[in-house]
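Reading the structure
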Amino acid sequence: MRTPPFPLTRLRTAAVALLAPALLGGCDWVVMNPSGDVARQQANLILWSTGLMLLIIVPVIALTILFAWKYRHTNEEAEYTPNWDHSTGLELIIWSAPLLIVIALGALTWISTHALDPYRPLSRLEAGKRLAKNDKPLEIQVVSLDWKWLFIYPEQGVATVNELVLPMNRQVRFRITSSSVMNTFYVPAMAGMIYSMPGMETRLHAVLNKPGRFEGFSANYSGAGFSEMRFTVDSMDDAGFAKWSSEARTAQKTLDLPTYVQLEKPSEKVPAIRYASVAPTLFDRIVGMCTKPGETCMQATMMKDGAHDPRRDSGHGAPVNDSGHMRGSESKGALQKEPEEKGSSPHRNAPRPAAPGSNKPGNEDNRSMTSIDPLPALLAGNAAARS
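This section reports on the structure supplied with the text. Quantities reported herein were computed from a predicted structural model and do not represent experimental measurements. Here the residue numbers are simple positions, counted from 1 along each chain's written sequence. Two thresholds apply to this predicted model, a pLDDT of at least 70 for residue-level local features and 80 or more for giving and counting side-chain atom pairs, whereas whole-chain, interface and lining totals are computed over all residues. Side-chain metrics rest on all non-hydrogen atoms present in the structure, leaving aside hydrogens and water.

The next subject is a nonpolar patch on the surface. Residues enter a patch when their relative accessible area is above 30% and they make no salt bridge; the linking distance is 9 Å between like charges and 5 Å between nonpolar side chains (Val, Leu, Ile, Met, Phe, Trp, Tyr). Here the accessible surface of atoms and residues is derived via Shrake-Rupley with a 1.4 Å probe, and residues count as covered only by protein chains that are part of the display. A side-chain nitrogen of Lys or Arg and a carboxyl oxygen of Asp or Glu constitute a salt bridge if their distance falls within 4 Å. There is a patch of nonpolar side chains on the surface, built from M53, L54, I56, I57, V58, V60, I61 and I65 and spanning about 680 Å² of accessible area. Note that I61 resides in helix α2 (residues 37-70). Runs of E in the DSSP output that reach at least two residues are strands. Runs of H or I that reach at least four are helices, and both are numbered from the N terminus.

Another point: helix α4 (residues 238-248). Burial classes: relative accessible area under 20% of the type maximum marks a residue as buried, over 50% as exposed, and values in between as partly exposed (1.4 Å probe, protein chains only). Turning to α4, its buried residues number three or more, namely F241, W244, S245 and A248. Along the long axis of α4, the arc covered by the buried residues comes to 95°, so they all point the same way. Exposed residues pointing more than 90 degrees away from the buried face of α4 are listed as A239 and K243. Two residues qualify as a contact provided that any one of their heavy atoms is within 4.5 Å of a heavy atom in the partner residue. Tucked into the core, α4 has its buried residues touching β3 (138-145), β4 (148-153), β5 (158-161), β6 (163-167), β12 (230-236) and β13 (273-275). What the arc covers is the set of directions going from the helix axis to the C-beta atoms.

Turning to the pattern of salt bridges, a few remarks are in order. One pass over the full model with this rule turns up 11 salt bridges. Across the salt bridge formed by R213 and D234, the nearest N and O atoms sit 2.7 Å from each other. One end of the pair, R213, is in strand β11 (residues 212-218); the other, D234, is in strand β12, with 21 residues separating them in the sequence. On the basis of relative accessible area, R213 is assigned to the exposed category, the value being 59%. Among the residues examined, D234 registers a relative accessible area of 10% and is labelled buried.

Here we take up unusual backbone geometry. In this structure, the amide linkage connecting D146 to the following residue, W147, adopts the cis form with an omega of -5°. Within the secondary structure layout, W147 lies in the loop between β3 and β4. Of note in the backbone geometry, K269 takes a positive phi value of approximately 50° without being a glycine. Looking at where K269 falls in the secondary structure, it is placed in the loop between α5 (257-263) and β13. We note that M289 has phi near 55°; this positive angle belongs to a residue other than glycine. Mapped onto the elements, M289 comes out in the loop between α6 (282-287) and α7 (298-307).

This next bit is on the sheet that holds β11. Strand pairing is defined by DSSP finding a minimum of two bridges between the two strands. Ordered in space as β6-β12-β11-β8-β9, the 5 strands form an open sheet in which the pairing is mixed. Single-partner strands in this sheet number two, and they are β6 and β9 (194-196). For this sheet the average axis-to-axis angle between neighbouring strands, irrespective of direction, equals 25°. Note: strand β8 (residues 183-186) against β11, 2 bridges, orientation antiparallel. Paired with F185 across the strands is S218, a residue of β11. Fitting a line to C-alpha atoms yields each axis, with helices limited to the stretch in contact; the angle taken between N-to-C directions then spans 0 to 180 degrees.

On to α7. Those residues of α7 not exposed but buried are T301, D305 and G306. All buried residues of α7 project into a common sector of 130° when viewed along the axis, lining one side. Facing away from the buried surface of α7 by more than 90 degrees, the exposed residues are M303, K304 and A307.

The following block contains the structure:
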């Protein structure tokens, strides 16, 4: 292969450098250009934090280059002060600038952490458009399955798989759980990611302010089908959402408990599915891990155990060694047993009487505690000779 001339290589490199911004312009920077107010505020937080940190990084880099150029060994005109070791003004700048930036970053983080708490209902739909305190959010129950997403609309009475449809400019409250392993519910255009965990419920408040189709997925690896665990998110106006929910209620399928038991079995690349109706307490049963016949919900077990705990109203917490009892078994910790239930096993920590012969130094009983008994014949003879 013939190597191109050197000037041509440099020309190509310069062309790629000049075209790089244009090529990067085709990338979808959805995290920095979202369509929901919560994600917009999170993107602004990233920009503000980056800008504050650049206030110290950029001057340091610029001064490093400047000093290296000014005090190069060939510059004989540069000031040479080998005995210089202190400058009060320079010390103030070096220490006060980073301190002020750390204080600003801390304040910004503290305010944003409380303002963007996913469990906290939204205070505004977008900049300049505040929400009334009595605003009723749309509730959507989210279940991460292996490897697909189930969305339940209690208000509309429908459910979908791998299809999330939201009304634009309306606050949405997501109640999130998982059927088997931990996943992460993440729609970059709408809000940050929230974990979904089996036997637990997490929450997220969010809103979409622009119409369109976006992408949601799991951001936490959960097994072989993880890469296909994605769903579409459609944002539409109120009329469009009402039309969609009406169409969903005409679906041919219903999501009762037997159907859910079949649905939660692992499967990959599942197309969008709609259910015209849903079992009323399905989400609570999924959280309680009692969707199969004969299973007792965790909520019922905990209430039953709490009702039989005599310390429940005494102001004291449950003893620490009752984990077996809390799981529904008949075992009890020692602190919960009556004296007659404790059996007759030896009490190894009970007070013991004084050792035999402890009050008589020369007593023969001491031999069993201080020496080998009987002594070997040779050692016994030597001991007798010394005495």
